[in-house]
Amino acid sequence: DAGVIQSPRHEVTEMGQEVTLRCKPISGHDYLFWYRQTMMRGLELLIYFNNNVPIDDSGMPEDRFSAKMPNASFSTLKIQPSEPRDSAVYFCASSTRTGVASTDTQYFGPGTRLTVL
Amino acid sequence: QKEVEQNSGPLSVPEGAIASLNCTYSDRGSQSFFWYRQYSGKSPELIMSIYSNGDKEDGRFTAQLNKASQYVSLLIRDSQPSDSATYLCAVNIAGYQKVTFGTGTKLQVIP
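None of these values were measured; they are calculated from a predicted model. (Residues numbered from 1 in each chain as written. Chains lettered and ligands numbered in written order. Predicted model: local features only at pLDDT ≥ 70, side-chain atom pairs only at ≥ 80, totals over all residues. Heavy atoms only, no water.)

Teacher, can you tell me more about the nonpolar core here?
In summary, soluble globular proteins display a tendency toward joint burial of nonpolar side chains. Judged by nonpolar contacts, the single largest core of 23 residues is most densely connected at W35, V72, L74, I76 and Y87 of chain B. Every element with two or more residues in this core is listed here: β3 (19-25), β4 (30-38), β5 (45-50), β7 (61-66), β8 (71-76), β9 (85-93) and β11 (105-110) of chain B. Judged by nonpolar contacts, the second largest core, of 21 residues, contains V4, V19, L32 and L114 of chain A. (Core = buried A, V, L, I, M, F, W, Y, C linked by side-chain atoms within 4.5 Å. Buried < 20%, exposed > 50% of the residue type's maximum accessible area, 1.4 Å probe, protein only. Helix = DSSP H or I, 4+ residues; strand = E, 2+ residues; numbered from the N terminus.)

See the structure below:
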C-alpha cells in the first residue's frame, strides 16, 4: 500500500508569494493532520480533519494559513502571503480508528521542506 | 510549563549499552503515549505505544509509563549505531485523536 503522499517535496519561494502544499492520505484513513516542524518549536499540529471536516484549527498560526479537504483523498495547506518565518518542514499524517485504543497510530508523509526567501 | 517535555540531548551511548530516554507531560487526563523515531531529514515513524501503567516490551525496546508521576520513558537495549536518531514523545488527551509532541531527544550511539 502507498503511504501518505505529499507534494512538492521541496519548495523555494519569495516572500509575499502564495504557497500550496498537497497531501494524499492513506486510503481508508479518516483522520488527516497537518504539522509544521522547526528546530526551535519542534513538531506542531496546525489543523486536523475527520471525514473531511476540520475538527481543530487552533494551531493555525494566523489568517495567512488555510487548509481544505475537499474529499477523502486530498488535502491542501495554503499560505498567502508567505513570509520568511514560515520556512519549515510541513508534514501531513493520517490515521483511522481501530477501536483498540483511544488514539491510533499516525502515519506521516515524507514532508515538504519550505524555504521562503 | 510545556505540555510534553524532553531533554533535547544529545544523549551519547556506546554501542551495546542501554539508552534511556525520558519524557514528562502536564495533563493528567492523558491516556495514550507514543514514541516516534525520526532520522535526520526523514519523517517520524512510530516505534512504541503504551496506554497503561507499567512496562511494555517490543524487541530491544521497552516503554515504561507512570501516570502518577506523569512520566514515560523508552529504553533501548543493545543500542546500535542505526538507532542514532531523534526520539519524539507524543501524548494524547482523552477523547481526542490529536497528540502533542515533545521537541525530541537526539540519540547518538557511538560504535
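There is more to say after this.
Can you walk me through the environment of R77 of chain B in this structure?
Residue and element names in this part refer to chain B. As for its position among the elements, R77 is in the loop between β8 and β9. Discounting residues that sit within four places of it in the chain, R77 has contacts with A17, I18, E57, G59, R60, F61 and T62. One polar contact links the side chain of R77 to the main-chain carbonyl oxygen of G59, over a distance of 2.5 Å. (Contact = heavy atoms within 4.5 Å. Polar contact = N/O pair within 3.5 Å; in protein donor to acceptor, adjacent residues only side chain to side chain.)

Just to check I follow, could you spell out the packing of aromatic side chains for this structure?
Ring pairs (aromatic) are described by centroid distance and by the angle formed between their planes. Under the definition given, this model contains 12 aromatic pairs over all chains. Considering the side-chain rings of Y31 of chain A and F33 of chain A, the 6.4 Å spacing of their centres and the 15° angle between planes classify their relative orientation as stacked. The same class applies to Y31 of chain A as to F33 of chain A, namely buried. Taking the centre distance of 5.5 Å and the plane angle of 90° together, the rings of Y35 of chain A and F101 of chain B count as edge-to-face. In this pair, Y35 of chain A sits in strand β4 (residues 31-38) while F101 of chain B sits in strand β10 (residues 99-101), so the two residues belong to two different chains. For the pair shown, Y35 of chain A and F101 of chain B are each scored as buried. (Phe/Tyr/Trp six-rings, centres within 6.5 Å; stacked < 30°, edge-to-face > 60°.)

Just checking my understanding: could you explain the sheet that holds strand β8 (residues 74-79) of chain A for this structure?
Residue and element names in this part refer to chain A. Spatially, 4 strands are ordered β1-β3-β8-β7 in an open sheet, and the strand pairing comes out antiparallel. Two strands close off the open sheet at either side, each with one partner strand: β1 (5-7) and β7 (65-71). Pairs of neighbouring strands in the sheet enclose a mean axial angle of 15°, with direction left out of account. Relative to β8, β7 is paired through 5 bridges, and the arrangement is antiparallel. Paired with K68 across the strands is T76, a residue of β8. (Pairing = 2+ DSSP bridges. Axes fitted to C-alpha atoms, helices over the stretch in contact; angles between N-to-C directions.)

How should I be thinking about the pattern of salt bridges in this particular structure?
When charged atoms on two side chains of opposite charge get close, those side chains can pair. All names here are of chain A. Per the counting criterion, the structure on display carries 12 salt bridges over all chains. Close ionic contact of R85 with E62 constitutes a salt bridge, the shortest N to O distance being 3.2 Å. A residue pair is termed long-range when its members are at least 10 positions apart, and R85 in the loop between β8 and β9 (88-95) and E62 in the loop between β6 (53-56) and β7 qualify at 23 residues. The exposure class of R85 is exposed, given its relative accessible area of 56%. Three or more residues joined by partner-sharing salt bridges are found here, namely E62, R64, E83, R85 and D86. (Salt bridge = Lys/Arg side-chain N within 4 Å of Asp/Glu carboxyl O.)

Help me out: how do you make sense of the interface of chain B and chain A in this one?
Put simply, an interface is often sized by how much accessible area is lost when its parts join up. Opposite the 18 residues of chain B that make contact, chain A presents 24 residues. Counting the surface lost from both chain B and chain A, the interface buries some 1700 Å², and carbon and sulfur atoms represent 52% of this. Contact with chain A buries area across many residues of chain B, yet Q97, K98 and F101 of chain B alone supply 39% of it, more than any other trio. Linking chain B with chain A are 1 salt bridge. Ionic pairing is found between K98 of chain B and D56 of chain A, a salt bridge with its closest N-O pair at 2.6 Å. Contributing elements (two or more residues each) for the side of chain B that touches chain A: β4, β9 and β10 of chain B. (Buried area = accessible area lost by both parts, 1.4 Å probe.)

Is there a simple way to think about the state of the cysteines in this case?
All names here are of chain A. Tallying each qualifying case throughout the model produces 2 disulfides over all chains. Between C23 and C92 runs a disulfide, and the two sulfur atoms are separated by 1.8 Å. Judged by the sign of its S-S torsion, about -65°, the cystine formed by C23 and C92 is left-handed. Here C23, found in strand β3 (residues 19-24), pairs with C92, found in strand β9; they are 69 residues apart in sequence, far enough to count as distant. C92 gets classed as buried once you look at its relative accessible area, which sits at 0%. (Disulfide = S-S within 2.5 Å.)

Even after reading the chapter, I still don't get the pairing of β3 of chain B, so can you show me in this structure?
Consecutive side chains along a regular strand alternate between the two faces of the sheet. All names here are of chain B. By the alternation rule, side chains of β3 split into A19, L21, C23 and Y25, which are all buried, and S20, N22 and T24, of which none is buried. By the bridge criterion, 2 bridges tie strand β1 (residues 4-5) to β3 in an arrangement that is antiparallel. Within the sheet, the bridge partner assigned to E5 lies in β3 and is T24. In the sheet, β3 pairs with β8 via 6 bridges, with the strands oriented antiparallel. Residue S20 lies in a different strand from β8, and its bridge partner there is L75.

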